[in-house]
Structure formats: C-alpha cells, structure tokens
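Summary of the model geometry
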Amino acid sequence: MKVLIVGGGGREHAIAASVKKSSRVDKIYCAPGNAGIAQIAECVPIGVMEFDKLVNFAKEKEIDLTIIGPDDPLVAGVVDPFEAAGLRVFGPRKNAAILEGSKAFSKDLMKKYEIPTAAYETFDDPKQAMAYLETADYPIVLKADGLALGKGVLICNTKQEAMDGVKSIMEDKKFGDAGNRMVVEEFMTGREVSVLTFVDGKTVRVMSSAQDHKRAKDGDQGLNTGGMGTFSPSPFYTPEIDAFCKEHIFQKTVDAMRAEGREFKGIIFFGLMLTEKGPKVLEYNARFGDPEAQVVLPRLENDIIDVVEACIDGRLDQMEVTFTDNAAVCVVLASDGYPVSYEKGYPIEGLSAFDGKEDYFCFHAGTAEKDGKIVTNGGRVLGITATGDDLKTARRKAYEATEWVSFDNKYKRNDIGKAIDEC
Ligand code: AMP
Ligand code: GLY
C-alpha cells in the first residue's frame, strides 16, 4: 500500500521509520518532510496547512492511508476534507481535535466527567481574570485557551507576575487569538509523565510511558521548548498508577468524548502530573508527542499500519499493542539560541555513523538538503536516540552517539534522563 505522512519534524521521521518497517507498505510519501525523511520516503513540497493540495495529492497518487503528525492541521480540521473525499486518514476529526485545541473545552470536559485535573476558572474578560487573581493562592498557572506552540502556559509565583501575564495573553495578545480566552489553574507539584495512547473511538491501548524535558537548559532552567529530550519507559509510571489512569483518566476521557458526540479516533497523548493525591491531567494532546514518538515508536512490536487501521475501523478491542521490554533515550541536538533565535544552514557531518546500526537512530527534525549536503534548518535539528536493555544503558549510548555528529552552533542538554539515577 501507499502511505502519506503529513509533517516534517523528528516525530514524523519516527513515524516514517515505523511505517517503513511494515511489510504491507510499498511506498511512503511525506509532506513536506525533511532531509532525513527523504532517505526513506518521497518528500513533496506541500505545507501541513494546505488542505486542498494535500487531499488532491492523496487522490492523484491513490494513497491508501494518510497519517497526520502535527497539532496545527489536526486542530484546524484536516481530517474532515480527507474523509469527505473518501480517503482513509488517521487522526481525530476537527470536533474531536478540540481536546487539544481548546484548554477551556478540555477543562470543562474533565470537570463534567470527573476526570482528575487541577482546579480552574475560565475567563473571557481580562478585568474579571485580574479581579480573581487579587485573592488567589500563589503560585498559579495561566493558560491561553488555544494553540500557542507549547508556549501559552505561564507559571506565576506572585500576583504581579500573574497580572502581567493576563495583560500579555489577553490584552497584548502575545499568542494571538489563542489568548481570547484564558484558563487560570491551580499549581500542582509532582513528577510529570507523558502517556501516549491509540484510540478507536471506544477502546484505548496504552503505549509505553515517557518523560520529556521541556526547558532549554540543564537543571530545568531556561525557556520552555518543544522538548529537548525524552526517555521511555518512565520508572515512575508504575503498574498501580497505570491501572488507576486506565480506569479514571484514559477510558473516562474516551467515553466522555463519545458521549459529547465527538468520537475520538487517533492518538491521545495524556500529559500527567503524578501528585501526592494521585495522577492528574496537565493537558491533552491529539497526536504523538515530539520527541516522545522518538523513544516510543522504535519499541513498538506491532506493525504500526495494523494498529492504525484498527483505530480507523473501530477494531482496537481485538488487538494487543505491545512494546519491547527495553528502554530508549532521545537527546535533541539543537541550534544554539533555540527557542528564541538561531542560525540555520550549517553543514552536518558524521551522519553516516548511524548507518546499519539497529539500536541507534538519528531522527531529523530541522534539516534540509543544500547543494547535495545536509544542513541545519531549524531550532531542533536532530533527535539522537538509542535503545538499550535498561534506561542507564540507553542513556549512555544516546549521549555517546551525540558525539558522532557535528555542526556549527550544536547545542544539547547534558542531563536528559538524569532522574533515572534516582531509581
Ligand atoms: P501544558 O502545555 O499544559 O502541558 O503546560 C506546559 C508545562 O507547564 C507542563 O509540562 C508543566 O510543566 C507546566 N504546567 C502546566 N500546568 C501546570 C499546573 N497546573 N501546575 C504545575 N505545572 C503546570
Ligand atoms: N513534547 C511535548 C509535545 O509534543 O507536546
């Protein structure tokens, strides 16, 4: 069969590598892809928000299955025109992708269906938000309602910071229309864990857990980024916690969406905080995480196409989804200056060191081909990933492999997976 993957980052490279392993797939296309994806798929210069062009391409090439990677096209409703054209596509429809697209929607859903999450209030009017903040407890968390490249969350330690935050989100519109509404949320403490799940509208199959490192600098300092590295599984996500989450969070969320007439098919990525009072939802995402996919998908034992098709056809209850009993660590090599400003276009050396190695992966995020050479083309450049029998081994191998490649302004965190040492 012919598969089209929409997106062009490290997550989509990990998806493409997983699809490539399927014996059922003859040809992979990726729109727009990147220089790494181009080694296993034919990249086509169509942007992720060009829905008409994507649908026309899928019709023209008789694509059997399209997999959508990023949040922006999902939330804007890319799945609906694919379905309207009679094409098979993996991802939630617009009315279900709102689970990620609106924090106010997701918080109201959790309240209505008693899914554990932080206490909150929603505001449309900055004056009312400010009045509420006069008497609130601190720290407190402000969240722009809509998508804001993962940057729309402000943790405010003082009333003054919170007032400034309301001004920047709701009045100065720092995140554009995403800030027309705002959620003000109780601050939670605990360990964070990412749990990705396959969902077919009714049944949930949980993937191996992961932990991201969102801040730019060592010791969780610096600005929030898309993610500087991940490890999987999370040793803090125990079988007891998993059993609790399956019953009180995962299944309840899927049932709630169906009850609301918003049947969810695709990936739900649960961002959880393991608090003293039990696991609570920090956020929902309607897609694979990036760089969570890079440590989870290489360990998927099933043929990914079988799982994706079971989701689309509502047959996930007839399938077990399993992962190898090992571990993976991904260290992101970024351009120095990310996430604020950075230079692009530097040649990347040493990539061939990964050729033929089964337990090392070099997932491309921001790369391009220029004059026959692979060059840096983004903030996050590569996701250097290794698997090993345990987390410590995977971590040692991933860091070792970060030395195999070089480019100007190469930057990485040195403490990805440091929490593993506490176990
Ligand atoms: P989100 O995009 O909602 O996942 O938020 C980004 C990051 O902000 C999370 O990964 C957490 O580290 C932090 N965060 C979000 N909500 C809260 C909360 N209620 N309490 C503490 N930290 C939070
Ligand atoms: N790594 C976090 C995310 O994909 O949202």
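A few points on the structure.

Rules used in this analysis
- Residues numbered from 1 in each chain as written.
- Chains lettered and ligands numbered in written order.
- Predicted model: local features only at pLDDT ≥ 70, side-chain atom pairs only at ≥ 80, totals over all residues.
- Heavy atoms only, no water.
- Near = heavy atom within 4 Å.
- Polar contact = N/O pair within 3.5 Å; in protein donor to acceptor, adjacent residues only side chain to side chain.
- Areas by Shrake-Rupley, 256 points an atom, 1.4 Å probe, with all protein chains shown as cover.
- Nonpolar A, V, L, I, M, F, W, Y, C, P; charged D, E, K, R; others polar.
- Axes fitted to C-alpha atoms, helices over the stretch in contact; angles between N-to-C directions.
- Helix = DSSP H or I, 4+ residues; strand = E, 2+ residues; numbered from the N terminus.
- Parallel < 35°, antiparallel > 145°, perpendicular 65-115°, else oblique.
- Contact = heavy atoms within 4.5 Å.
- Buried < 20%, exposed > 50% of the residue type's maximum accessible area, 1.4 Å probe, protein only.
- Pairing = 2+ DSSP bridges.
- Core = buried A, V, L, I, M, F, W, Y, C linked by side-chain atoms within 4.5 Å.

In this section: the site of ligand 2. Around ligand 2 lies a shell formed by D212, G226, F269, N285, R287, G289, D290, P291 and E292. Contacts to ligand 2 include G226, whose backbone N or O atom sits 3.2 Å from a nitrogen atom. One of the side-chain N or O atoms of R287 is found 2.9 Å from an oxygen atom in ligand 2. The protein chains hide 90% of the 200 Å² of surface that ligand 2 would expose on its own. Here the residues of the shell around ligand 2 sort into 2 nonpolar, 3 polar and 4 charged.

Axis separation between helix α5 (residues 94-101) and helix α6 (residues 103-112) bottoms out at 6 Å; the angle between their running directions is 95 degrees. Considered as vectors, α5 and α6 are oriented roughly perpendicular to each other. Contacts from I98, L99 and G101 of α5 reach α6 at K103, F105, S106 and L109. Of the residues in the contact of α5 with α6, the class split is 4 nonpolar, 2 polar and 1 charged.

With that settled, consider the site of ligand 1. Close contacts around ligand 1 come from 14 residues, with E185, E186, M188, E192 and E283 the closest. The contact in question runs from an oxygen atom of ligand 1 to an N or O atom on the side chain of K103, over 3.4 Å. E185 places a side-chain nitrogen or oxygen 2.7 Å from a nitrogen atom of ligand 1. Computed on the free molecule, ligand 1 has an accessible area of 470 Å², of which 91% lies beneath the protein chains in the complex.

Before going further, it helps to examine unusual backbone geometry. Residue Y138 is joined to P139 through a cis peptide bond whose omega torsion reads 0 degrees. Considering the arrangement of structural elements, one finds P139 in the loop between α7 (126-134) and β7 (140-144). The omega angle of the peptide bond from S232 to P233 is 0 degrees, so this bond is cis rather than trans. With respect to the element layout, P233 can be found in the loop between β15 (229-232) and α9 (239-259). The phi torsion at D220 lies on the positive side, around 55 degrees, for a residue other than glycine. For D220, the location among the structural elements is in the loop between β13 (215-217) and β14 (221-224). Despite not being glycine, D371 shows a phi value in the positive range, around 50 degrees.

Moving on, we get to the pairing of strand β4 (residues 65-68). The alternating pattern of β4 places L65 and I67 and T66 and I68 on opposite faces, both of which are buried. Taken together, the 4 bridges between strand β1 (residues 2-7) and β4 define a ladder with parallel strand orientation. Residue pairing across strands places I5 opposite I67, the latter belonging to β4. With 2 bridges connecting them, β4 and strand β5 (residues 89-90) associate as parallel partners. Pairing of I67 across the sheet is with F90, part of β5.

Looking now at the nonpolar core. Formed by 59 residues in total, the largest nonpolar core has its most connected members in F250, L272 and L382. For this core, the element with the most residues is α9, which contributes 7 residues. Aside from chain neighbours lying at most four places away, what touches F250 is V195, T197, V204, V206, Y237, D242, C245, F270 and L272. Listed in part, the 41 residues of the second largest apolar core include V3, I15, I267 and I304.

Here the focus is the environment of D255. Position of D255 relative to the elements: it lies in helix α9. The exposure class assigned to D255 is partly exposed, which follows from its relative accessible area of 31%. Spatially, the C-alpha atom of D255 lies 36 Å from that of A41, the residues being 214 residues apart in sequence.

Right, let's get into the sheet that holds strand β8 (residues 153-156). Overall, antiparallel pairing links the 4 strands, which are arranged β6-β9-β7-β8 in an open sheet. At either margin of the open sheet sits one strand with a lone partner, and together these are β6 (120-123) and β8. Within the sheet, the average angular offset between the axes of one strand and its neighbour, ignoring direction, is 20 degrees. Note: β7 against strand β9 (residues 182-186), 5 bridges, orientation antiparallel. Considered in β9, the bridge of I140 is made with E186. Relative to β6, α7 is tilted by about 150 degrees, and along the sheet it contacts β6, β7 and β9.

Take the sheet that holds strand β16 (residues 265-275) next. With antiparallel pairing, 4 strands are arranged side by side in an open sheet as β11-β10-β16-β17. Each edge of the open sheet is held by one strand with a lone partner, namely β11 (204-206) and β17 (278-285). Across the sheet, the mean angle separating the axes of adjacent strands is 35 degrees when strand polarity is ignored. Where β16 and β17 come together, 7 bridges link them in antiparallel fashion. If you follow T275 over to β17, its bridge partner there is G278. The sheet strands contacting α9 are β10 (191-200), β11, β16 and β17, and the helix crosses β16 at an angle near 135 degrees.

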